[in-house]
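Structure assessment
So you can see what is in the structure, the chains are spelled out below.
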Amino acid sequence: MLVNMRNLLSDAQKGNYAVGSFSVANMEMVLGVLKAAQELKAPVILQIAEVRLKQSPLEVIGPLMVAAAKAAKTPVAVHFDHGKTIEKISQALELGFTSVMFDGSHLPLEENIAVTNEVINIASKYGAAVEAEIGCVGGSEDGSEDIAINCTDPDDAVRFARETGVDALAIAIGNAHGNYKSTPNLRFDILEKCAKAVEPPLVLHGGTGISPDDFVRCSKTGIKKINIATATFDSVEKTVHGCYNENSIKGYYDLQAAEVEGAYQNAKRHILIFGSDNKTEVL
């Protein structure tokens, strides 16, 4: 069933676990994620980032995501990730997305606060939740830029949360989008300070490549939403390649099944690590 991300993260705060937010690019990935959610009785978030709309147009993938969430037997929020423009954020809200993110991490703090408040005002008309980002997560969502990591200042996070009332806040603690070039060294000292001082649930971007132990530690230290994108795409590609190598793909529908399986296996693995399994009933 389609739900608001705000409710999922509130439950995660109470239960001390994190909800997986899985980027999808087609129907097969959606089906794979929801299969894992139903099997494990887990709440999940389906998301797509603005930079990915060249490959998956919002007017096509958006209604599919919303319809799939409505038909799901477990709670599913539909999220617009890394929104850069008011135009696309508004389009996602019109399509029925239950949360949107405005990524103003590249802006001066005051401007980030101002535009985030503008987005909150727009989203409030739809009853949708809003996520924002402070500090700079490394890399870029589509892998086209090698953006340096700029860890979040906890004092800035406190001010940002106070002046916006945002529903979820993504912070930078040494995490990066895409595949890591070396083992990430997360700044748990910054995370602990933010978790103690900031009221909204915290979000971890750049989840691909972080160790299971670090994921668990994050989920127990204020992180209540963890984004998984590259790992999903890699898992789908790897599964398809494996099936071709085994000569088990005899036609299109075998290919489709392999894509679903890749997304399913990846979502299942992360749900179990995040501790969000068995947190809901199956309708």
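Description of the structure in this document.

1. Things to note about the overall build of the protein
For the protein, the count of helices and strands is ten helices and eight strands. Overall, the protein is about 55 × 40 × 40 Å in size when its C-alpha atoms are taken along their principal axes. Across the 283 residues that make up the protein, the buried fraction comes to 56%. Contacts spanning at least 24 positions in sequence make up 72% of the contacts within the protein whose residues lie at least 6 apart. Put simply, the protein shows about 12000 Å² of open surface, and 50% of that area lies on carbon and sulfur atoms. Treating the 26 positive side-chain charges of the protein as one cloud and the 36 negative ones as another, the clouds have centres 5 Å apart.

2. What to know about the pairing of strand β3 (residues 76-83)
Among the eight residues of β3, eight are classified as buried, and the element is accordingly described as predominantly covered. Pairing between strand β2 (residues 44-49) and β3: six bridges, direction parallel. Note on β3: the bridge partner recorded for Leu46 is Val78. After leaving β2, the chain enters helix α3 (residues 58-71) and then returns to the sheet as β3, a path that is right-handed. Pairing analysis gives three bridges linking β3 to strand β4 (residues 99-102), with the strands arranged parallel. Paired with His79 across the bridge in β4 is Ser99. One crossover worth recording links β3 to the parallel β4 by way of helix α4 (residues 86-95), and it is right-handed.

About the cut-offs
- Residues numbered from 1 in each chain as written.
- Predicted model: local features only at pLDDT ≥ 70, side-chain atom pairs only at ≥ 80, totals over all residues.
- Heavy atoms only, no water.
- Helix = DSSP H or I, 4+ residues; strand = E, 2+ residues; numbered from the N terminus.
- Buried < 20%, exposed > 50% of the residue type's maximum accessible area, 1.4 Å probe, protein only.
- Contact = heavy atoms within 4.5 Å.
- Areas by Shrake-Rupley, 256 points an atom, 1.4 Å probe, with all protein chains shown as cover.
- Lys, Arg positive; Asp, Glu negative; His and termini not counted.
- Charge placed at Lys NZ, Arg CZ, Asp CG, Glu CD.
- Pairing = 2+ DSSP bridges.
- Right-handed = clockwise from strand over helix to strand, strands pointing away.

These values are about where atoms sit, not about what they do.
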